Protein chains: 2
Amino acid sequence: MPQPSAPRKAPGRPARISREEIIDTARRIVAEGGVKGLTMRRLAAEVGSTPMAIYHHVRDKEELLVLLLDDYAARTLRRSRLPADSRERVVAAAGAVHDALAACPWIVEVLTADDLMSTSALWFVEQIVDGLVECGLPLDRAVHGYRAIWYYTAGEIVVRATAARRRADDDRATYREHVFADLDPAELPRLAQASERWAALTAEDTYEDGLRALVDGLLAGRRG
Amino acid sequence: MPQPSAPRKAPGRPARISREEIIDTARRIVAEGGVKGLTMRRLAAEVGSTPMAIYHHVRDKEELLVLLLDDYAARTLRRSRLPADSRERVVAAAGAVHDALAACPWIVEVLTADDLMSTSALWFVEQIVDGLVECGLPLDRAVHGYRAIWYYTAGEIVVRATAARRRADDDRATYREHVFADLDPAELPRLAQASERWAALTAEDTYEDGLRALVDGLLAGRRG
DNA sequence: ACCTGAACACCGTTCAAGT
DNA sequence: ACCTGAACACCGTTCAAGT
């Protein structure tokens with residue numbers, strides 16, 4: 001995020017590597033080997049330089065990651081035609097952000113960043129807030145509504161991505177089936193009842209259903 | 001989570017350290033220095049042993065973390081009297097899980113684990129699913145509803161915890177104010193309009209409001 | 001101003017051996 | 001069965017110096 005001032009006139013030694021080159025290389029490394037494969041040392045090597053040269057263009061690894069997320073958002077979150085109906089516009093804008101982020105598995109480690117991830121996403125935030133206002137919410141409630149939608153969206157992505165990673169990793173996922181097989185129907189009747197279907201139900205993509213429920217609930221406004 | 005079988009009769013050398021001792025020590029380290037301070041080496045040192053001794057009781061660091069979360073859930077998620085009204089029971093059960101996890105800042109790194117975090121939490125999951133069924137949802141929709149609530153809850157905790165950490169860390173948080181100050185009202189009118197209030201609105205705890213909206217929306221059931 | 005080399009202070013995990 | 005010592009293959013970051 002921190003786009004640090006305009007490029008100076010540079011009255012010193014000419015730069016061999018640029019911030020852009022660093023980010024491009026970092027993006028390629030992450031695409032190939034995931035975020036775990038991105039180390040300052042490897043990045044330096046692939047850019048044909050030394051670790052310390054990187055530190056001259058980027059404060060530290062966390063800034064690099066944020067820069068990377070920003071770059072990703074800028075190139076995938078393209079504004080598109082949204083529905084005219086306000087409620088549908090809220091759903092579509094949130095869905096667009098969701099889909100862009102969900103397609104990017106390494107995002108999780110960085111995603112947990114803050115409430116707004118990138119200047120490129122601001123337009124979508126605007127659509128959501130504006131849609132809620134047009135549906136009749138006061139501005140303050142609309143901002144709170146946007147946050148609720150962001151919590152829901154970020155949570156869905158983080159939980160699903162981690163579950164997927166764990167499933168691929170090893171047999172830890174089977175532990176859940178184990179637990180569900182041993183449920184005491186007297187104590188946890190509903191879970192026992194749903195136990196065989198649980199895995200299938202969990203695998204279903206119900207992001208949009210939940211999103212619509214949330215938006216409906218926000219607009220019903222049964223409070224304050 | 002993996003409670004690996006009952007303690008064997010141990011026909012070998014008597015154990016000097018136990019899994020319980022390891023977890024107790026790990027909990028203390030995390031309480032003092034956060035999850036970053038918990039390293040296998042330090043844990044070994046504080047338990048009066050060597051790194052490799054730990055690996056004899058725990059598969060790897062990730063398992064240790066999951067064990068730690070389980071331990072935390074078991075000691076803080078005590079069943080309590082919930083409201084008789086079904087809808088209120090759903091809200092209260094979700095709120096109880098939320099509050100327990102939110103009080104535990106190190107949880108984020110582990111939380112992103114899976115859909116059910118711990119056997120101790122199952123009772124709360126049961127309350128939520130059952131409450132939704134009693135409100136008239138079919139079981140499948142109730143399970144999906146529980147998942148939506150979990151996404152929202154996990155997202156709220158993760159996003160808030162990370163924002164708090166970042167705020168404490170350094171000046172990166174001020175970047176947002178910077179962006180909001182420079183908003184173009186012609187392009188992003190609502191955000192510009194809300195810009196001075198944004199920080200205050202974001203600071204407000206609206207978890208329960210969003211939760212109620214979500215539950216209302218789920219129960220309104222405007223969809224097949 | 002930009003880059004290099006060498007070092008600091010760590011990591012998680014594995015291997016081979018001891019009791 | 002449980003534990004140790006030593007090593008492997010790394011990390012992010014800092015310091016002091018070079019051009």
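Not measured: the values here are computed from a predicted model. (Residues numbered from 1 in each chain as written. Chains lettered and ligands numbered in written order. Predicted model: local features only at pLDDT ≥ 70, side-chain atom pairs only at ≥ 80, totals over all residues. Heavy atoms only, no water.)

1. Notes on the interface of chain B and chain A
Here's step 1: Taken together, the contact between chain B and chain A spans 73 residues of the former and 73 residues of the latter.
Here's step 2: When chain B packs against chain A, the two sides together hide about 6,800 Å² of surface, and 61% of this comes from carbon and sulfur.
Here's step 3: The interface formed by chain B and chain A includes 6 salt bridges.
Here's step 4: Where chain B packs against chain A, one counts 16 residue pairs in polar contact (both at pLDDT 80 or more).
Here's step 5: Looking at the side of chain B that touches chain A, the elements with two or more residues in it are α4 (61-76), α7 (122-134), α8 (139-169), α9 (174-181), α10 (189-203) and α11 (207-220) of chain B.
Here's step 6: Among the elements that make up the side of chain B that touches chain A, the one with the highest residue count is α8(B) (20 residues).
Here's step 7: Class assignment of the residues belonging to the side of chain B that touches chain A gives a composition of 34 nonpolar, 10 polar and 29 charged. (Contact = heavy atoms within 4.5 Å. Buried area = accessible area lost by both parts, 1.4 Å probe. Salt bridge = Lys/Arg side-chain N within 4 Å of Asp/Glu carboxyl O. Polar contact = N/O pair within 3.5 Å; in protein donor to acceptor, adjacent residues only side chain to side chain. Helix = DSSP H or I, 4+ residues; strand = E, 2+ residues; numbered from the N terminus. Nonpolar A, V, L, I, M, F, W, Y, C, P; charged D, E, K, R; others polar.)

2. Describing the UniProt feature "domain: HTH tetR-type" (unreviewed entry) in chain A
Here's step 1: Feature annotation in UniProt places "domain: HTH tetR-type" (unreviewed entry) on residues 16-76 of chain A, given in this structure's numbering.
Here's step 2: As annotated, residues 16-76 of chain A has a helix share of 70% and a strand share of 0%, and its two end C-alpha atoms lie 29 Å apart. (UniProt positions renumbered as here; feature names shortened; annotations may be inferred.)

3. Quick look at the domain arrangement of chain A
All names here are of chain A.
Here's step 1: Per the domain assignment, the segments making up chain A are domain 1 (19-73) and domain 2 (81-220).
Here's step 2: Summarising the inter-unit geometry, the C-alpha centres of domain 1 and domain 2 are found 29 Å apart.
Here's step 3: Joining domain 1 to domain 2, the criterion identifies 0 salt bridges.
Here's step 4: If you look at where domain 1 meets domain 2, you find 1 residue pair in polar contact (both at pLDDT 80 or more).
Here's step 5: Tallying contributions element by element places helix α4 (residues 61-76) first for the side of domain 1 that touches domain 2, with 7 residues.
Here's step 6: Its residues placed into classes, the side of domain 1 that touches domain 2 shows 8 nonpolar, no polar and 1 charged. (Domains from an automatic or database assignment.)

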